[in-house]
Amino acid sequence: MTGTTASGGHYGEDLFEPEHPQEAERIDAAALVYDPVTTGRLRALGSGPGDRCLEVGAGTGTVVRWLLEEAGAAEVVALDRDTSGLKSLAGPGVRLVTTDLRDENLDLGTFDLIHARFVLMHLPERRQLVSRLARWLNPGGRLVLGDAVDVPNPLDSSSAYRRTMDAMWQALRTTIGTDISDIPAYPCFLREEGLQNVACELVCPPLVADGPLARFWSETWDRMRPALEETGHVDSAVIDEAMAYLASPRLAELGPGMMIAWGQRP
């Protein structure tokens with residue numbers, strides 16, 4: 001999915017192009033960590049046989065596959081601006097929709113489950129899009145939103161890790177419009193949309209040396225080097241030090257986590 005800033009930056013165009021040879025690997029490294037969290041929550045909320053589901057920002061299709069093969073969904077609509085990595089999933093029960101969620105002419109019908117993970121944080125129109133997604137719910141349907149939340153160490157403002165992570169959030173916001181500042185407000189947004197049984201959880205998986213999450217952040221920073229340096233807060237040496245730290249036995253950080261918020265249409 002993409003977000004747009006005043007300068008016109010887009011996720012998938014100005015950063016993290018899907019055709020990059022390491023992009024699928026980068027996405028899958030995060031999916032390896034977060035998929036069990038996501039699918040566990042979806043299962044606990046009752047996602048199962050017969051559901052018509054919308055997966056927003058389907059990525060490489062790991063959650064689409066789980067909904068179809070494990071949860072037994074009747075149909076999964078996989079929406080993304082680039083669905084080239086999902087063609088192996090095309091077939092009975094899966095509909096690929098290659099478009100932008102913000103397309104005003106988009107009409108996909110209604111759903112028993114709508115799930116979006118690490119999507120709305122990249123879209124400046126996220127509040128309006130929460131309203132739009134909520135309107136697409138069937139009675140009893142659930143909207144489940146997952147986005148990043150950073151919980152920085154208040155005693156650390158100068159390490160290479162912290163400086164690089166902070167530079168990343170600034171560069172993402174400046175370049176493609178990413179903003180995680182209002183993620184904790186998602187439960188309030190869902191309640192404002194008239195949803196019931198609203199709740200949320202924050203999961204910060206362990207950040208271990210050379211683990212999949214450490215590799216995800218290292219690859220992300222490496223791909224963002226020019227944008228990180230343009231913030232003026234880090235240079236190449238600092239980024240190298242931060243990346244080395246992610247692979248070091250000295251690593252001891254509470255990395256960014258994912259907040260999942262959900263609600264149900266009456």
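Residues numbered from 1 in each chain as written. Predicted model: local features only at pLDDT ≥ 70, side-chain atom pairs only at ≥ 80, totals over all residues. Heavy atoms only, no water.

**Q** What is the right way to look at the overall build of the protein chain in this model?
**A** Secondary structure summary: the protein chain contains eight helices and seven strands in total. In terms of C-alpha radius of gyration, the protein chain reaches 18 Å, essentially the compact-globule figure of 18 Å for 266 residues. Along the three orthogonal principal directions, the C-alpha set of the protein chain runs to about 55 × 35 × 35 Å. Here the protein chain holds 266 residues, and the buried ones make up 55% of them. Residue pairs at least 24 apart in sequence account for 73% of intrachain contacts in the protein chain once pairs closer than 6 positions are excluded. As presented, the protein chain carries roughly 11400 Å² of accessible surface, and 51% of it is formed by carbon and sulfur atoms. (Helix = DSSP H or I, 4+ residues; strand = E, 2+ residues; numbered from the N terminus. Rg over C-alpha atoms; globule rule 2.2 N^0.38 Å. Buried < 20%, exposed > 50% of the residue type's maximum accessible area, 1.4 Å probe, protein only. Contact = heavy atoms within 4.5 Å. Areas by Shrake-Rupley, 256 points an atom, 1.4 Å probe, with all protein chains shown as cover.)

**Q** How should I be thinking about the packing of aromatic side chains in this particular structure?
**A** The geometry of an aromatic ring pair is captured by the separation of the ring centres together with the interplanar angle, meaning the angle of the planes. Summed over all chains, the structure comprises six aromatic pairs. Between the aromatic rings of W169 and W217, the centroid separation amounts to 6.3 Å while the plane-to-plane angle is 70°, which identifies the pairing as edge-to-face. One end of the pair, W169, is in helix α4 (residues 160–176); the other, W217, is in helix α6 (residues 212–223), and 48 residues separate them in sequence. Note on accessibility: W169 and W217 belong to one class, buried. Through a chain of ring-to-ring contacts, three or more aromatic side chains come together here, namely Y161, W221 and Y245. (Phe/Tyr/Trp six-rings, centres within 6.5 Å; stacked < 30°, edge-to-face > 60°.)

**Q** Help me understand the sheet that holds strand β1 (residues 52–56) in this model?
**A** To summarise the sheet geometry, strands pair through backbone hydrogen bonds and adopt either a parallel or an antiparallel arrangement. Sheet architecture is open: seven strands sit in the order β3-β2-β1-β4-β5-β7-β6, paired in mixed fashion. At either margin of the open sheet sits one strand with a lone partner, and together these are β3 (94–98) and β6 (196–203). Strand-to-strand, the axes of this sheet are offset by a mean angle of 15°, without reference to chain direction. Pairing of β6 with strand β7 (residues 257–264) involves six bridges; the strand directions are antiparallel. Within β7, the position partnered with E201 by the bridge is I260. (Pairing = 2+ DSSP bridges. Axes fitted to C-alpha atoms, helices over the stretch in contact; angles between N-to-C directions.)

**Q** Help me out: how do you make sense of the confidence of the model for the protein chain in this one?
**A** Averaged over all residues, the pLDDT of the protein chain equals 91, while 92% of them reach at least 70. Note that pLDDT drops below 50 for residues 1–7; the model gives that stretch 37 contacts with residues more than four away or on any other chain. (pLDDT = per-residue confidence, 0-100.)

**Q** What is the right way to look at the pattern of salt bridges in this model?
**A** Side chains that carry opposite charge are capable of pairing whenever their charged atoms lie near each other. For the coordinates displayed, the defined rule picks out 15 salt bridges. Of the charged contacts, one joins D100 and R102 as a salt bridge, the two residues approaching to 2.7 Å between their closest N and O atoms. Classification of D100 by relative accessible area gives buried; the value is 17%. Here E125 ties to R102 by a salt bridge, and the two come within 3.3 Å at their closest N and O atoms. With a gap of 23 residues between them, E125 in the loop between β4 (111–117) and α3 (126–135) and R102 in the loop between β3 and β4 connect regions that are remote in the sequence. You can call R102 buried: its relative accessible area is 16%. Put simply, R81, D100, R102 and E125 are held in one network by salt bridges that share partners. (Salt bridge = Lys/Arg side-chain N within 4 Å of Asp/Glu carboxyl O.)

**Q** How do you make sense of α3 when you look at a structure like this?
**A** Residue pairs three or four apart in sequence face the same way in an α-helix, which turns once every 3.6 residues. Taken across its ten residues, α3 has seven buried, putting it largely inside the fold. Residues of α3 that are buried make contact with β1, β4, β5 (137–149) and α5 (186–192).

**Q** How do you make sense of the side chain of T38 when you look at a structure like this?
**A** Topologically, T38 is positioned in helix α1 (residues 23–44). Here T38 falls in the buried class, since its relative accessible area comes to 4%. A polar contact is formed between the side chain of T38 and the side chain of R117, at a distance of 2.8 Å. If sequence neighbours within four positions are ignored, T38 has contacts with V63, H115, R117 and M258. (Polar contact = N/O pair within 3.5 Å; in protein donor to acceptor, adjacent residues only side chain to side chain.)

**Q** So what exactly am I meant to see when it comes to the environment of G140 here?
**A** Relative to the assigned elements, G140 resides in strand β5. For G140, a relative accessible area of 30% puts it in the partly exposed group. Separated by 45 residues in sequence, G140 and R95 have C-alpha atoms that sit 22 Å apart.

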